[in-house]
Structure formats: structure tokens, C-alpha cells
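Notes for the structure review
Here are the chains, one letter per residue:
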Amino acid sequence: MNSKKSRLILPLSTLVLLASGVIGATYLTPQFGKIWDKVILPRFEEAPEYRLDAPSEVLALAPDPPAERRAKLAEIASRPDSSLDRARARYLLASDLINEDFDGGLAWTYLENLELQYPILAPSILYKQGRAFELMNDRTRGEEFWQKLITEYPTSPITVNAYYKLGENDESYWRIAIESFPQHPLSQTMMYELLTDNPDQMDLMLKLVQHDITAKSDPIRDRLVSEYAEKLTPSQWQIIADSYWRRGQFLSGAQSYVKAPSTAENLYRIARGYQVSEKKNEAIIGYENLIKQFPEATETGLGLRRLATLVSGEKALNYLTQVDERFPAEAPSALSQKIVLLNSLGRGNEATGARSELLQKYSNSDEAGDYRWQIARDFASRGDTASAWQWAQQIAVNNPDSSVAPKASFWVGKWARGLGQTAEAEKAFQYVLEKHPHSYYAWRSAVNLGQDVGDFTTIKNRSFTIETPTARAILPGGSTMFKELYLLGQDEDAKTLFQAEIIDPENISVTEQFSQAVLLQLEGKYLQSISMIWNLSNREKPDDLRQWHILRSSPEYWQALFPLPYKEQIVKWSTERKLNPFLVTALIRQESRFQPLIKSPVGATGLMQVMPDTGEWIAPQIGLADYSLTDPDDSINLGTWYLDYTHRTYDNNSMLAIASYNAGPGNISSWLQEYDISDFDQFVENIPFPETKNYVETVFGNYWNYVNLYKDNG
């Protein structure tokens, strides 16, 4: 076992907890599976030292079902020490009992005075103590603990649980919770219940749509617009418009921003909302209004670029020139637009001038990198690899973080080798491995360096043992209490607390966004999760980018970006078909993002996106009489058979097999007749379908990451 795979990351500074307490007594336990006859909780005086990254038996047990971990947790809980693991074991045992509405008395056995020895979870413990007495039909005693929670921890979101319970008999408690913690999911539940009893509460409706960004709030928002429009103030329209925007309902958002305060951001969103809703005239008026009212605002630079796409000729050129002259942050993109427009107008000399300006004034921009790569490709297509090499080399120097940099640096190596510059070629390949280690071109560089990482013709039959982490990583965002609940596997409590801690969802930090994405994976929402993690690269603030680069240095970041659900089914069917399990996983990630119910516009369905007629063709051949394309096991069964079939068709060349999976065998046959297959890298570059070319590169880039993240090196 590789020890690095099971360690916890991002350790916090050690917290020495000063609370102390004494517990004890013997409690009879006639239930709970008769695993033990009585529980004796030893006395101890000090709270344990608290470190999130400390070795822990309990955290290793946390993912197990309650029934399977019960006996071991009970043994840890009964130890005569004051360890953190003992406190954790007691908490988990009590939580399991309460979650199952099983035995309040036994739960109290574990919870009594636990807040003194486990202060990091003290608010949650107090709430659960009240729940234990509620289960014992002693509601009065339970309410004492809930009142104590509110008194001692008034700022903790956990108090909302107490407010909810107390509010079952006194609505005023609900009102306090809603006012103090409107972002808490349970507070929003209270709002919905109060609106059910009395729908005519405009302020409550506004608070709800401001803080609930789920589809459930859509009818409330629409009702505010349809029934209360005359009563709404500009600031209230702002709340409604912002909530429409967060929900991706851009036309309704634009129409609502019209009635909100006139700010540069609002005016931009009015215009952009109309534009994406294909209301061209309204969008043009909106952008012109933005330019007139806020001529120097940051949003105006982007607005001018957007406006240039809605008009033509000199008018568009004029808008782009204004961007170039007044908005340096948007100027590189504006110049790229201008070059394309000038070429379309037959004004090549002016386009050349714009290119020169781009390279001279904005040499380090991504747009300049794209232009350099375009020139390099043009030279290469004419057989002038020496000039192509020179232009591509400049990208590594001037645009090392651009999206095209890994590819350009790799081809620097290929072209250098073709020119007999072996040392320069190896230097370029090493650069890609070091600077862009997670890219498709890192794998291709490793292959070209002769490393034993498998090439297109040898990947299929390579056998690997998959090793996944045995313990959860410490999430970088959220409170320490949230992190502890997450490590304990208390997923619902952790997710609720995290959501309650996010005060401004539109401006969350990098670490919060990453943590939120990881939590989505607990719900199986891998598509949304991977997108959220990937979008961290789009942050613009320097501090945000620094946080992102720190995150990217950890294996846990990449494990979240390249998750491995359905491991058992993947290993089972990969073994059956004699396929590389990492290649199957890489394909699934690209096809469906691990969403079993996903369906493409043309009907491809499930994890491996099998077409219905393909499934009908395969099923009789493998004796599968009753199947569902949305069932993960069936999808992987059918998909791996077809992937093996494409490999057999192309003599186990995985590049051709993967390309065929996307584009079909007819296109592959045509390309094999047209392009030389002797150089795999050049063949991939020649694939005439951009979608298939990107598909091949992405699948094998995925493969490279899965091997590096999960291959058992033991």
C-alpha cells in the first residue's frame, strides 16, 4: 500500500483544547443488536488534543455502514483514555442511534458531557443531547439543551436546528432563525412552511428567493413579479434580478434589472441577458446605454466587445478600436476579434498591423499565444518545421500558462527531433512533463522520451491494480467544525453546515468553491462538480489565482477533478473484456461525467453513452436479455464490449478504437486512407473533425491522470 494515498492533506495548526469534564456510570443496553450487555464509559479529566490530520482509527471506520462499524466503535468508545478517537467514536455511535430513531437512552450514554471532551463539535452535541431526550419522550429536558445551545453558541448555524425544534410550538423561534440565518437550508424550510400557512408575505418571499438558489424558489420569484410588481422598490427588484441571473434565467433577469438601480453591472446584465436570449435589438440598445452612462466602467470594455459581435463593418471596428484604446484588460481579445473582422473584409494589411500590435503590446496574453501557434502551424503545414519550431518556442517563454502552451511545447520537441536536434527535443519534452504534468501532451512527451507509460498500441492490455484513498482528505474551505463532520462521514450535517456558512454564494472563495464541488460528488453530481473545479481557472483576482495554484499542487485536487466512482463495476467488466481499467474510466469521464441517467441529443444514454440500437445489437451476443442503458452495471457491460470490439477492429490500436467510439468506423476508414498512420501524433493532429480530435486528446489525457493518481505502486 502506498502510504501517500491514505494520508490527510492541508493540515491545520494544532489546536490544544482546554475544556475538561468527567463522565461515568454504567448503563444497561437491552437493545442495539445485543452486541454488548452494558456500556461503561471511563472517567477522564482532559479534552484530547485536536488535530485534523492526526492518525485515526475512527476516521478509517467512518465510511462503513453503521451496523458494520458499530462493534469496533463501541470498543474504542469504552477505552480508558481521553483520546480524540474515543470522543469521535462516542459521537458517531450516538449519531447513528439518533438518525435511526433507535434508542435515546443509549444515545445519551455516549453524549453525556461529551461537549466538554469534544468542544469542536459542542454545538452539534448539545443539539443531539436534546434529540436523545426527545427520543426518550422527555421533550421538556430536550428543550433545556436546545435553549442552552442557543445561549452558549448564538452565532453557530447549528442553533437553527434548535430554533426549528423550539419553533414547532412557538413560531417566534422560526422568525429568529430566518432573520439570523436566512442562508441555512432549514431556515428556508421554515420559510416555505410559513408561506404555506400564509402566502401573502412579500418580505418573506423576497428573503427566500434571495437565499434559495434552487429550482424550488422559481414559482415564488415568478409570483413576486406577477403579483407584487407595483409594490417592489428598486432594491427589491435587484434581489429578484440577481436571483433570476443565478438561476440562469437571463431574459427574466434582464427584464428585472431594468427596474433595479442603474449600475454598470446591472446595465451590462440587461444587455447580455437580451443577447443570450437572441433579442438582438434590445441587446444593442442595452450595450449602448451602458456605454453612455458608464463610459469608463470595467463592464463597458466587455460590453463594447459584445456589441461588436452584434453589428458589422466599420461600426464593429469602431467599437473594437475603443476597447483597444481605453480598456487594456480587454484589448487582446478585442484585437483578436479585429483581426478576424479585418480579414473577412479583405483588409489584410490592416489585419497584419493589428497582429503586430497584439504581439508587441500584449506579448504575454493568451491571444498572443494563440496567434503564435497559428503561425507555427502554418509554417509546419508548408513543411517549414524550422520556422514552426522558432514560433512555437516563443509560447513557452511568453505564454507559458496559456491553453495552447502544452501542445506548442510538445511540438517544439517533435519538430526539433525531426531536425536532428535531439538534445533540444528532449529538453522540450521534459519541459512539458514538468510544467504541464496533467496534460495529454505530458503523456505524449513521456512516450517520446521512451518512458514505460504505454503507447497507443500497448495501452489496451496493460493491467493495473487500482488504489483509491482509504480516508477522506481535509477540505480546504469551511469551518473546522464542518471539516470534522465531513471527515466523520456525517455528510448531511456537513453539507447543511457548509451551505449555512456561505453568506454570499456569488462571491465564494476558491477554497469554498472547491469544497462545495467535492460535496456535490457525495450526491453523485459529478458533472456539476467537475465543472466547478475546472472553472476555478477562470478566476481573475491575483489572490484567487494564488489559492488555485496552491490547490493544484495537491493530489486531492486532481482526485476531485478526476474522480473514480463505479470502481467495482469498471474493474469487473474491464477484467472480463481484458481492457485497461483506466482507459475505460477515462472514456466514461469524457462520455458522461459519471452521470448514469444522462442522455445525448441523438439518444446515446448512460455512463458509456451507448446508442439504443447498439445496445440491441450487443445484448444478444453477451446473453443480456433484460437490461437498462441507465443502469451503471449494464452500461459498463455493454460499453466495454463495444470498446473491446473497436480494439479488435483496429488491431488493438487504442487511438483508432477511441476515435471510432466517437466518430464511427466509416470515418476512421476514410482517415486511414487519407493520412499516414506511421506518426501517431501527426495522425491525431490531422483528424479533420475538431470534436473527435479533442475527444481523443481528452480521453488519453484523462487516462494519463488516472494512471498517475490511482495506480498501485506497491
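Residues numbered from 1 in each chain as written. Predicted model: local features only at pLDDT ≥ 70, side-chain atom pairs only at ≥ 80, totals over all residues. Heavy atoms only, no water.

**Quick word on the overall build of the protein**
The condition is simple: By definition, any uninterrupted DSSP run of H or I lasting at least four residues is a helix, any uninterrupted run of E lasting at least two residues is a strand, and each is numbered from the N terminus. Buried means the residue's accessible area, taken with a 1.4 Å probe over protein chains only, is under 20% of the maximum for its type, while exposed means over 50%, and partly exposed covers the values in between. Whether two residues are in contact is decided by their heavy atoms, any of which lying within 4.5 Å being enough. Positive charges come from Lys and Arg, negative ones from Asp and Glu, while His and the chain ends are left out of the count. Where a charge lies is defined by one atom per residue type: Lys uses NZ, Arg uses CZ, Asp uses CG and Glu uses CD.
Counting secondary structure elements, the protein contains 39 helices and two strands. Principal-axis analysis of the C-alpha atoms gives the protein an extent of 85 × 65 × 55 Å. A burial count over the protein gives 53% of its 714 residues as buried. Residue pairs at least 24 apart in sequence account for 57% of intrachain contacts in the protein once pairs closer than 6 positions are excluded. Positive and negative charge centroids in the protein, built from 71 and 92 side chains respectively, lie 2 Å apart.

**Quick look at the packing of aromatic side chains**
Condition: Stacked, tilted and edge-to-face are the three classes applied to pairs of Phe, Tyr and Trp rings, where Trp contributes its six-membered ring and a pair requires centres within 6.5 Å; stacked means planes under 30 degrees apart, edge-to-face means over 60, and tilted covers the rest. Throughout this description, the term charge over a ring refers to an Arg CZ or Lys NZ atom that lies within 6 Å of the ring centre and within 35 degrees of the ring normal.
All told, the structure shown has 38 aromatic pairs when counted by the stated rule. Each ring, one from W373 and one from W415, has its centre 5.9 Å from the other, and the planes form 25°; the classification is stacked. Separated by 42 residues along the polypeptide, W373 in helix α21 (residues 366-381) and W415 in helix α23 (residues 405-418) bring together distant segments of the chain. In this structure, W373 and W415 share a single accessibility class: buried. Between F456 and F680, the aromatic rings sit 5.6 Å apart at their centres with planes inclined by 90°, giving edge-to-face as the arrangement. Highlighted residues: F456 in the loop between α25 (440-448) and α26 (480-487) and F680 in helix α38 (residues 680-686), separated in sequence by 224 residues. Here F456 matches F680 in class, with each residue buried. Above the ring of W108, the side-chain terminus of R141 is found at 6.0 Å from the ring centroid.

**Points about the pattern of salt bridges**
How we decide: A pair is scored as a salt bridge if a Lys or Arg side-chain nitrogen falls within 4 Å of a carboxyl oxygen belonging to Asp or Glu.
Tallied over the entire structure, the rule returns 50 salt bridges. The shortest N-O distance in the salt bridge between E100 and R70 comes to 3.7 Å. Highlighted residues: E100 in the loop between α3 (84-99) and α4 (104-111) and R70 in helix α2 (residues 66-77), separated in sequence by 30 residues. For D633, the salt bridge is made with K572, and the minimal N-O distance between the two is 2.8 Å. Placement of D633 in helix α35 (residues 632-649) and of K572 in helix α32 (residues 567-577) is noted, with a sequence separation of 61 residues between them. D633 sits in the partly exposed class, given a relative accessible area of 21%. Connected through shared salt-bridge partners, D101, R131, E134, R139, E143, K165 and E168 make up one network.

**A look at the packing of helix α16 (residues 280-293) against helix α17 (residues 298-308)**
As a reminder, the rule being used: Helix axes use the C-alpha atoms of the stretch in contact, all axes being lines fitted to C-alpha atoms, and the angles between their N-to-C directions lie in the range 0 to 180 degrees. Helix crossings fall into two classes, left-handed where the near helix is turned counterclockwise from the far one by less than a right angle and right-handed where it is turned clockwise. Gly falls in the polar group here, along with every residue not listed as nonpolar (Ala, Val, Leu, Ile, Met, Phe, Trp, Tyr, Cys, Pro) or charged (Asp, Glu, Lys, Arg).
In the contact formed by α16 and α17, the axes pass within 9 Å of each other and the chain directions differ by 145°. Here the hand of the crossing between α16 and α17 comes out left-handed. Residues I284, Y287, E288, L290 and I291 of α16 form the contact with α17, whose participating residues are E299, T300, G303, L304, R306 and L307. The residue inventory of the contact of α16 with α17, partitioned by class, reads six nonpolar, two polar and three charged.

**Comments concerning the side chain of R577**
Where we set the bar: Here a polar contact is recorded for every N or O atom pair within 3.5 Å, except that within protein the pair must consist of a potential hydrogen donor and a potential acceptor, and residues adjacent in sequence are included only if both atoms are side-chain atoms.
The topology assignment puts R577 in helix α32. With no salt bridge to any partner, buried R577 finds its closest opposite charge in E576, at an N-O distance of 4.5 Å. Engagement of the side chain of R577 in a polar contact is seen with the side chain of T640, the distance being 3.3 Å. Excluding residues that lie within four positions of it along the chain, R577 makes contacts with K460, I622, N637, T640, W641 and D644.

**What about the nonpolar core?**
Basically, it comes down to this: Residue types Ala, Val, Leu, Ile, Met, Phe, Trp, Tyr and Cys, when buried and joined through side-chain atoms within 4.5 Å, form a set referred to as a nonpolar core.
Counting 214 residues, the largest nonpolar core has Y118, L121, W373, W443, Y557 and F700 as its most contacted members. Looking at this core, the element that brings in the most residues is helix α39 (residues 690-710), giving ten residues.

**Some thoughts on the side chain of R355**
Position of R355 among the secondary structure elements: in helix α20 (residues 348-361). Here R355 sits buried without a salt bridge, and the closest side chain of opposite charge, D378, lies 7.6 Å off (N-O distance). The residues contacting R355, other than those within four sequence positions of it, are I339, N343 and Y371.

**Topic: unusual backbone geometry**
Trans peptide bonds make up the majority, and among non-glycine residues the majority have a negative phi. A positive phi is found at Y566, a non-glycine position, where the angle reads about 60°. Summarising the element assignment, Y566 is placed in the loop between α31 (555-561) and α32. Overall, the relative accessible area of 22% leaves Y566 in the partly exposed class. Despite not being glycine, N652 has its phi angle at roughly 60°, a positive value. In this structure N652 comes out as partly exposed when scored by relative accessible area, which is 24%.

**Points about the environment of N461**
By the element assignment, N461 lies in the loop between α25 and α26. Once residues within four sequence positions are removed from consideration, N461 is found in contact with K578 and N652.

**Focus on helix α30 (residues 542-552)**
Put simply, the rule is: The directions from the helix axis to the C-beta atoms form the arc being described.
Along α30, the positions that sit buried rather than exposed are D544, W548 and L551. Taken down its axis, α30 places every buried residue within 60° of arc, on the same side. The exposed residues of α30 that point more than 90 degrees off its buried face are P542 and I550. Where α30 is buried, its residues contact α28 (510-522) and α31.

**A closer look at the confidence of the model for the protein**
Condition: Every residue is assigned a pLDDT by the predictor, reflecting its confidence on a scale from 0 to 100.
Summing up the model confidence of the protein, the mean pLDDT is 92 and the portion of residues at 70 or higher is 93%. This stretch, residues 1-40, has a pLDDT under 50; its non-local contacts, to residues over four places away or in other chains, come to 103 contacts.

**What about the environment of F379?**
Along the chain, F379 falls in helix α21. Residues F379 and L317, 62 residues apart in the sequence, show an inter-C-alpha distance of 29 Å. In contact with F379, other than residues within four places in its own chain, are D384, S387, A388 and W391.

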